[in-house]
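One letter stands for each residue in the lines below.
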Amino acid sequence: MMKNNFLKFTLIVAFAFLYSCNDDNAPTNENPTAFTVALASKTSSNYRFTWNASNDPEGTTIVYDIYLNEQLIHENYTTNQLSDRLANKSVPTVFVELTVTISPTKMIEGTNTIKVVAKDEDGQTYTNTLNFQYTNEKPTAFTIELVSRRTLSYTFQWNRAIDPEGTKVVYDVYVNGMLDRENFDATTKGKTERLAPVVDKVTISIATSKIVSGTNTIKVIAKDEAGKTTTSELDFQLVPVLL
């Protein structure tokens, strides 16, 4: 009986030893290969980032999760989604340059961080991050002109202000320090405020009842969706209109 128990114990120890040896010699699943994210170009409407495609040493497919300031903006991004892809599809994936474009409207003023996480089918990952600067630009400058005087109203005009980031621009209009129009959208048409026949000109009319004798001031503040502003002012005189 004791001999049988000893034999069983010996077999258990032997199997445990063999299993341990096999486990030590098991191949290690490697992380995807390294890459570096770079800011390739930027415009007022898009920032373009690139990196060389990561390669899985075990040969599985690589996909990417892309974060902007820790917010996921692309999940499981692949080479099939490239905007700039190599024409020769036979080139190995490791040599493909990946590209992603991000709108500045998703960025914050100052330092931003893009993070790209390469993932293989076994869950192994490689991560690279890039810090970059973003400055939101204010709407373009414009000059107010007094284009006509009538008995009941004065008409003013200016070139439409444009937001370099492409967001809508609205206007606050003040006459002698008093708010006359708030968040005026020049793309809408009305009886007294409209887009002028001349493209990219904005026209408004101010009632003469709001105009005083002597010097008057009209001030227009162009505002984009990020809160950036550009201001223009014009001083003008009340001139009686002869009937």
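Worth saying up front: this structure is predicted, and the values here are computed from it rather than measured.

(A) Spotlight on the overall build of the protein. Along the backbone of the protein there are one helix and 15 strands. Burial analysis of the protein (243 residues in total) assigns 34% to the buried set. Within the protein, residue pairs in contact and separated by at least 24 positions form 58% of the contacts whose partners lie at least 6 positions apart. Entry remark: accessible area of the protein is about 15,000 Å², with carbon and sulfur atoms responsible for 53%.

(B) Local environment of the pairing of strand β9 (residues 153-159). Of all seven residues in β9, six are buried, a share of seventy percent or more. Both strand β8 (residues 145-149) and β9 contribute to a ladder of four bridges, which runs antiparallel. Residue pairing for β9: Leu 146 is matched across the bridge by Phe 156. Between β8 and the antiparallel strand that follows it, β9, lie three residues.

(C) Main features of a negative patch on the surface. A contiguous patch of negative charge, built from Glu 30, Glu 58, Glu 121 and Asp 122, is present on the exposed surface. Among the secondary structure elements, Glu 121 is positioned in the loop between β6 (110-119) and β7 (125-134).

(D) The sheet that holds strand β15 (residues 229-237), seen in detail. Across the sheet, four strands lie side by side as β11-β10-β14-β15; this open sheet has antiparallel pairing. Each edge of the open sheet carries a strand with a single partner, namely β11 (178-184) and β15. Each neighbouring strand pair of the sheet contributes to a mean axis angle of 15°, computed without reference to strand direction. Pairing between strand β10 (residues 170-175) and strand β14 (residues 215-223): six bridges, direction antiparallel.

(E) Examining the confidence of the model for the protein more closely. In the predicted model, the protein carries a mean pLDDT of 83, and the fraction of residues at 70 or more is 76%. For residues 81-94, every residue scores under 50 in pLDDT, and the model assigns this stretch 20 contacts once sequence neighbours within four places are set aside. In the model, residues 190-198 has pLDDT below 50 throughout and makes 20 contacts with residues more than four positions away in sequence or in other chains.

(F) View of the packing of aromatic side chains. Summed over all chains, the structure comprises 13 aromatic pairs. An angle of 90° between the planes, with centres 6.2 Å apart, marks the rings of Phe 142 and Tyr 171 as edge-to-face. Note that Phe 142 is positioned in the loop between β7 and β8 and Tyr 171 in strand β10, a separation of 29 residues in sequence. The same class applies to Phe 142 as to Tyr 171, namely buried. Ring plane angle 45° and centroid distance 5.9 Å describe the contact between Tyr 154 and Phe 236, whose orientation is recorded as tilted.

What counts and what doesn't
Sequence order as written defines residue numbering, which begins from 1 separately in each chain. Note on the predicted model: pLDDT of at least 70 is required for a residue's local features to be given, and 80 or more for side-chain atom pairs to be given and counted; whole-chain, interface and lining totals, by contrast, use all residues. Computation of side-chain values: all heavy atoms of the structure, hydrogens and water removed. A run of DSSP states H or I qualifies as a helix once it reaches four residues; a run of E qualifies as a strand once it reaches two. Both are numbered from the N-terminal end. Three labels apply to residues, based on accessible area from a 1.4 Å probe with only protein chains included: buried if under 20% of the type maximum, exposed if over 50%, partly exposed otherwise in between. Contacts are assigned to residue pairs with any non-hydrogen atoms lying within 4.5 Å of each other. For the area figures, the Shrake-Rupley method with a 1.4 Å probe applies, and any residue is considered shielded solely by the protein chains shown. For two strands to be treated as a pair, DSSP must find no fewer than two bridges joining them. Only residues whose relative accessible area exceeds 30% and that form no salt bridge enter a patch; like-charged residues are grouped when within 9 Å of one another, and nonpolar side chains (Val, Leu, Ile, Met, Phe, Trp, Tyr) when within 5 Å. Whenever a carboxyl oxygen of Asp or Glu lies within 4 Å of a side-chain nitrogen of Lys or Arg, that contact is scored as a salt bridge. Counted charges follow a simple rule, with Lys and Arg positive, Asp and Glu negative, and His plus the chain ends left uncounted. To locate a charge, the coordinates of NZ of Lys, CZ of Arg, CG of Asp or CD of Glu are taken. Convention adopted: a line fitted to C-alpha atoms gives each axis, helices being fitted over their contacting stretch, and angles between N-to-C directions are expressed from 0 to 180 degrees. In predicted models, pLDDT denotes the confidence assigned by the predictor to each residue on a 0 to 100 scale. Pairing of aromatic rings covers Phe, Tyr and Trp, the last through its six-membered ring, and needs centres within 6.5 Å; plane angles under 30 degrees mean stacked, over 60 mean edge-to-face, and all others mean tilted.

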